[in-house]
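Chains, contacts and geometry: an overview
Chain by chain, the residues run as shown.
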Amino acid sequence: MDKYICEPCGYIYDPAEGDPDSGIAPGTAFEDIPEDWYCPVCGVSKAEFRKL
């Protein structure tokens, strides 16, 4: 699965780790994250991420 980077802050979403603090389980592909999810570091929308 691909990793994605938050363009404004550089946070990297790694599907192997997920985002447990936001309810995103490890193994969740970026494409499968709900559209209302936001960067856990800077708070921007999912649309601000790009594939690494």
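In the annotation of an unreviewed UniProt entry, the protein is listed under the name Rubredoxin and assigned to Entomospira culicis. Under Sequence similarities (unreviewed entry), UniProt gives the following word-for-word description of the protein: "Belongs to the rubredoxin family."

**Considering the overall build of the protein**
Of regular secondary structure, the protein possesses zero helices and three strands. In the protein, the succession of helices and strands from N to C terminus is β-β-β. Taking 52 residues into account, the globule formula puts the C-alpha radius of gyration at 10 Å, and the protein, at 10 Å, falls close to it. Viewed in the frame of its principal axes, the protein has a C-alpha envelope of about 25 × 20 × 15 Å. Going through the 52 residues of the protein one by one, you find that 35% of them count as buried. When the accessible surface of the protein is totalled, it reaches about 3,300 Å², and 48% of it is carbon and sulfur.

**Focus on the sheet that holds strand E1 (residues 4-6)**
The pairing of strands in a sheet happens through backbone hydrogen bonds and is either parallel or antiparallel. In space, the three strands of this open sheet follow the order E2-E1-E3, with antiparallel pairing throughout. Strands at the two margins of the open sheet, each flanked by one partner only, are strand E2 (12-13) and strand E3 (49-51).

**Looking at the packing of aromatic side chains**
Overall, the coordinates contain seven aromatic pairs when judged by the stated rule. Measuring from ring centre to ring centre gives 4.0 Å for Tyr4 and Phe30, while their planes differ by 15°; the resulting arrangement is stacked. Highlighted residues: Tyr4 in strand E1 and Phe30 in the loop between E2 and E3, separated in sequence by 26 residues. Residues Phe30 and Phe49 carry aromatic rings whose centres are separated by 5.5 Å and whose planes lie at 40° to one another, so their mutual orientation is tilted. Pair noted here: Phe30 is in the loop between E2 and E3 and Phe49 is in strand E3, with a separation of 19 residues, a long-range link.

Criteria and cut-off values
Residues numbered from 1 in each chain as written. Predicted model: local features only at pLDDT ≥ 70, side-chain atom pairs only at ≥ 80, totals over all residues. Heavy atoms only, no water. UniProt positions renumbered as here; feature names shortened; annotations may be inferred. Helix = DSSP H or I, 4+ residues; strand = E, 2+ residues; numbered from the N terminus. Rg over C-alpha atoms; globule rule 2.2 N^0.38 Å. Buried < 20%, exposed > 50% of the residue type's maximum accessible area, 1.4 Å probe, protein only. Areas by Shrake-Rupley, 256 points an atom, 1.4 Å probe, with all protein chains shown as cover. Pairing = 2+ DSSP bridges. Phe/Tyr/Trp six-rings, centres within 6.5 Å; stacked < 30°, edge-to-face > 60°.

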